[in-house]
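Listed here are the chains, written in short residue letters.
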Amino acid sequence: MQITHRLIHGLYGALLALLLIFSTSQPASADAAADRVALDALFVQLHDAPDAEAANKLSDQIWAIWTNPSDPDIAARMRDVIEARMTRSPDITLELLNELISDFPDYAEGWNQRATLYYMLGDFEASIADCAKVLELEPRHFGALSGRAMMYLQLDKRSLALRDIQAALAIHPFLSERLLFPELQQQITRT
(Lines give C-alpha, C1' and ligand atoms only; values in the text may rest on other atoms or scores of the structure.)
Protein backbone atom coordinates (compact mmCIF):
# COMPACT_ATOMS: atom_id res chain seq x y z
CA MET A 1 0.00 0.00 0.00
CA GLN A 2 2.81 2.42 0.89
CA ILE A 3 4.51 1.76 -2.45
CA THR A 4 1.26 2.45 -4.29
CA HIS A 5 0.86 5.83 -2.57
CA ARG A 6 4.47 6.76 -3.37
CA LEU A 7 3.92 5.78 -6.99
CA ILE A 8 0.73 7.84 -7.16
CA HIS A 9 2.46 10.84 -5.54
CA GLY A 10 5.34 10.51 -8.02
CA LEU A 11 2.99 10.35 -11.00
CA TYR A 12 1.00 13.33 -9.77
CA GLY A 13 4.20 15.27 -9.23
CA ALA A 14 5.43 14.52 -12.74
CA LEU A 15 2.09 15.43 -14.29
CA LEU A 16 1.93 18.63 -12.28
CA ALA A 17 5.44 19.61 -13.35
CA LEU A 18 4.58 19.04 -17.02
CA LEU A 19 1.36 21.01 -16.74
CA LEU A 20 3.08 23.87 -14.94
CA ILE A 21 5.76 24.06 -17.64
CA PHE A 22 3.16 24.42 -20.37
CA SER A 23 0.50 26.34 -18.42
CA THR A 24 1.88 29.81 -19.15
CA SER A 25 1.18 29.52 -22.87
CA GLN A 26 -2.06 27.54 -22.67
CA PRO A 27 -5.65 28.83 -22.55
CA ALA A 28 -7.73 28.94 -19.36
CA SER A 29 -8.82 25.30 -19.78
CA ALA A 30 -5.18 24.26 -19.35
CA ASP A 31 -5.07 26.40 -16.20
CA ALA A 32 -8.05 24.50 -14.85
CA ALA A 33 -6.35 21.20 -15.74
CA ALA A 34 -3.22 22.23 -13.85
CA ASP A 35 -5.33 23.17 -10.84
CA ARG A 36 -7.11 19.80 -10.97
CA VAL A 37 -3.82 17.89 -11.11
CA ALA A 38 -2.42 19.91 -8.21
CA LEU A 39 -5.61 19.41 -6.19
CA ASP A 40 -5.64 15.67 -6.89
CA ALA A 41 -2.10 15.34 -5.53
CA LEU A 42 -2.86 17.49 -2.49
CA PHE A 43 -6.00 15.51 -1.67
CA VAL A 44 -4.05 12.24 -1.71
CA GLN A 45 -1.49 13.76 0.65
CA LEU A 46 -4.21 15.26 2.87
CA HIS A 47 -5.94 11.92 3.22
CA ASP A 48 -2.65 10.35 4.30
CA ALA A 49 -1.47 13.24 6.51
CA PRO A 50 0.25 11.90 9.64
CA ASP A 51 -0.90 14.69 11.96
CA ALA A 52 -2.96 17.89 12.22
CA GLU A 53 -0.02 20.17 11.44
CA ALA A 54 0.73 18.42 8.16
CA ALA A 55 -2.97 18.26 7.29
CA ASN A 56 -3.46 21.96 7.95
CA LYS A 57 -0.53 22.89 5.71
CA LEU A 58 -2.01 20.78 2.94
CA SER A 59 -5.50 22.18 3.42
CA ASP A 60 -4.04 25.71 3.26
CA GLN A 61 -2.56 24.82 -0.13
CA ILE A 62 -5.92 23.46 -1.28
CA TRP A 63 -7.70 26.63 -0.13
CA ALA A 64 -5.09 28.71 -1.97
CA ILE A 65 -5.90 26.95 -5.24
CA TRP A 66 -9.65 27.15 -4.62
CA THR A 67 -9.59 30.88 -3.83
CA ASN A 68 -6.84 31.86 -6.24
CA PRO A 69 -7.22 29.60 -9.27
CA SER A 70 -4.87 29.68 -12.25
CA ASP A 71 -7.53 31.27 -14.45
CA PRO A 72 -6.61 34.97 -14.24
CA ASP A 73 -10.19 36.20 -14.76
CA ILE A 74 -11.62 34.07 -11.97
CA ALA A 75 -8.68 34.85 -9.67
CA ALA A 76 -9.16 38.61 -10.15
CA ARG A 77 -12.88 38.30 -9.48
CA MET A 78 -12.20 36.29 -6.31
CA ARG A 79 -9.78 38.95 -5.08
CA ASP A 80 -12.56 41.49 -5.56
CA VAL A 81 -14.98 39.28 -3.61
CA ILE A 82 -12.55 38.78 -0.73
CA GLU A 83 -11.74 42.49 -0.59
CA ALA A 84 -15.45 43.38 -0.66
CA ARG A 85 -16.18 40.92 2.13
CA MET A 86 -13.56 42.61 4.31
CA THR A 87 -14.24 46.26 3.44
CA ARG A 88 -17.71 46.63 2.00
CA SER A 89 -21.28 45.68 2.75
CA PRO A 90 -22.62 42.13 2.51
CA ASP A 91 -24.98 43.34 -0.22
CA ILE A 92 -22.08 44.39 -2.44
CA THR A 93 -20.24 41.13 -1.74
CA LEU A 94 -23.38 39.16 -2.57
CA GLU A 95 -23.77 41.08 -5.83
CA LEU A 96 -20.17 40.27 -6.80
CA LEU A 97 -20.67 36.60 -5.92
CA ASN A 98 -23.91 36.41 -7.91
CA GLU A 99 -22.11 37.86 -10.94
CA LEU A 100 -19.16 35.48 -10.48
CA ILE A 101 -21.47 32.47 -10.27
CA SER A 102 -23.45 33.67 -13.29
CA ASP A 103 -20.30 34.09 -15.37
CA PHE A 104 -18.49 30.99 -14.06
CA PRO A 105 -21.18 28.51 -12.93
CA ASP A 106 -18.70 25.60 -12.81
CA TYR A 107 -16.38 27.37 -10.35
CA ALA A 108 -17.15 25.56 -7.09
CA GLU A 109 -15.44 28.09 -4.83
CA GLY A 110 -17.71 30.87 -6.07
CA TRP A 111 -20.66 28.87 -4.80
CA ASN A 112 -18.81 28.10 -1.56
CA GLN A 113 -18.03 31.75 -0.92
CA ARG A 114 -21.68 32.63 -1.44
CA ALA A 115 -22.70 29.76 0.87
CA THR A 116 -20.37 31.23 3.50
CA LEU A 117 -21.86 34.69 3.08
CA TYR A 118 -25.40 33.31 3.36
CA TYR A 119 -24.32 31.47 6.52
CA MET A 120 -22.93 34.71 7.99
CA LEU A 121 -26.24 36.42 7.15
CA GLY A 122 -28.18 33.63 8.90
CA ASP A 123 -29.80 32.33 5.70
CA PHE A 124 -29.14 28.64 6.30
CA GLU A 125 -31.56 27.49 3.60
CA ALA A 126 -29.71 29.40 0.87
CA SER A 127 -26.34 28.40 2.32
CA ILE A 128 -27.24 24.70 2.41
CA ALA A 129 -28.48 24.92 -1.19
CA ASP A 130 -25.20 26.49 -2.29
CA CYS A 131 -23.23 23.85 -0.38
CA ALA A 132 -25.08 21.20 -2.38
CA LYS A 133 -23.97 22.91 -5.60
CA VAL A 134 -20.36 23.13 -4.35
CA LEU A 135 -20.38 19.40 -3.63
CA GLU A 136 -21.90 18.64 -7.01
CA LEU A 137 -18.95 20.45 -8.63
CA GLU A 138 -16.24 19.41 -6.12
CA PRO A 139 -17.28 16.40 -4.00
CA ARG A 140 -14.04 16.68 -2.00
CA HIS A 141 -14.84 20.17 -0.71
CA PHE A 142 -14.36 19.52 2.99
CA GLY A 143 -15.20 23.17 3.73
CA ALA A 144 -18.69 22.86 2.24
CA LEU A 145 -19.22 19.53 4.01
CA SER A 146 -18.10 20.76 7.41
CA GLY A 147 -19.93 24.07 6.99
CA ARG A 148 -23.15 22.27 6.14
CA ALA A 149 -22.58 19.97 9.12
CA MET A 150 -22.35 23.02 11.39
CA MET A 151 -25.62 24.40 10.03
CA TYR A 152 -27.33 21.05 10.48
CA LEU A 153 -26.12 20.99 14.08
CA GLN A 154 -27.62 24.45 14.66
CA LEU A 155 -30.86 23.29 13.05
CA ASP A 156 -31.02 20.22 15.37
CA LYS A 157 -30.51 17.82 12.47
CA ARG A 158 -27.72 15.83 14.12
CA SER A 159 -27.95 12.78 11.84
CA LEU A 160 -27.43 14.97 8.77
CA ALA A 161 -24.63 16.84 10.53
CA LEU A 162 -22.95 13.55 11.46
CA ARG A 163 -23.23 12.29 7.87
CA ASP A 164 -21.56 15.43 6.51
CA ILE A 165 -18.81 15.62 9.11
CA GLN A 166 -17.96 11.96 8.54
CA ALA A 167 -17.73 12.64 4.79
CA ALA A 168 -15.53 15.68 5.49
CA LEU A 169 -13.27 13.69 7.82
CA ALA A 170 -12.83 11.01 5.16
CA ILE A 171 -11.21 13.77 3.08
CA HIS A 172 -9.54 15.86 5.82
CA PRO A 173 -9.05 13.63 8.87
CA PHE A 174 -7.97 16.45 11.20
CA LEU A 175 -10.79 18.99 10.87
CA SER A 176 -11.30 20.77 14.18
CA GLU A 177 -15.09 20.52 13.81
CA ARG A 178 -14.80 16.82 14.63
CA LEU A 179 -14.52 17.80 18.28
CA LEU A 180 -18.22 18.74 18.22
CA PHE A 181 -19.08 15.09 17.65
CA PRO A 182 -18.22 13.03 20.75
CA GLU A 183 -19.36 9.88 18.97
CA LEU A 184 -16.40 10.30 16.59
CA GLN A 185 -13.71 10.86 19.23
CA GLN A 186 -12.53 7.27 19.23
CA GLN A 187 -11.84 7.64 15.49
CA ILE A 188 -9.56 10.69 15.90
CA THR A 189 -6.40 8.88 16.94
CA ARG A 190 -4.58 7.15 14.15
CA THR A 191 -2.68 3.93 14.69
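Presented here is a report on the structure given in the accompanying data block. Quantities reported herein were computed from a predicted structural model and do not represent experimental measurements. Residue numbers run consecutively from 1 along every chain, following the written order of its sequence. Local features in this predicted model are restricted to residues of pLDDT 70 or higher, and side-chain atom pairs are both shown and tallied only at a pLDDT of 80 or more, whereas totals for entire chains, interfaces and linings draw on every residue. In computing side-chain values, all of the structure's heavy atoms are included and hydrogens and water are not.

This part covers the side chain of Arg-148. What counts as a helix is a DSSP run of H or I of at least four residues, what counts as a strand is a run of E of at least two, and both are numbered from the N terminus. Relative to the helices and strands, Arg-148 is located in helix H8 (residues 142-154). In what follows, residue pairs with any heavy atoms lying within 4.5 Å of each other are defined as contacts. Ignoring anything within four residues of it in the chain, the contact list for Arg-148 reads Ile-128, Cys-131, Ala-132, Leu-135, Arg-163 and Asp-164.

The next thing to look at is the packing of aromatic side chains. To pair, rings of Phe, Tyr and Trp, with the six-membered ring standing in for Trp, must have centres within 6.5 Å; the planes then decide the type, stacked if under 30 degrees apart, edge-to-face if over 60, and tilted in the middle. What the rule picks out here adds up to 6 aromatic pairs. Residues Phe-43 and Trp-66 carry aromatic rings whose centres are separated by 6.0 Å and whose planes lie at 45 degrees to one another, so their mutual orientation is tilted. Of the two residues, Phe-43 sits in helix H2 (residues 28-47) while Trp-66 sits in helix H3 (residues 52-67), which places them 23 residues apart along the sequence. For the pair formed by Phe-43 and Trp-66, the shared burial category is buried. Ring centres of Trp-63 and Phe-142 lie 5.9 Å apart, and the angle between their planes is 90 degrees; this geometry places the pair in the edge-to-face category. Exposure classes here rest on a 1.4 Å probe applied to the protein chains alone. A residue is buried below 20% of its type maximum, exposed above 50%, and partly exposed in between.

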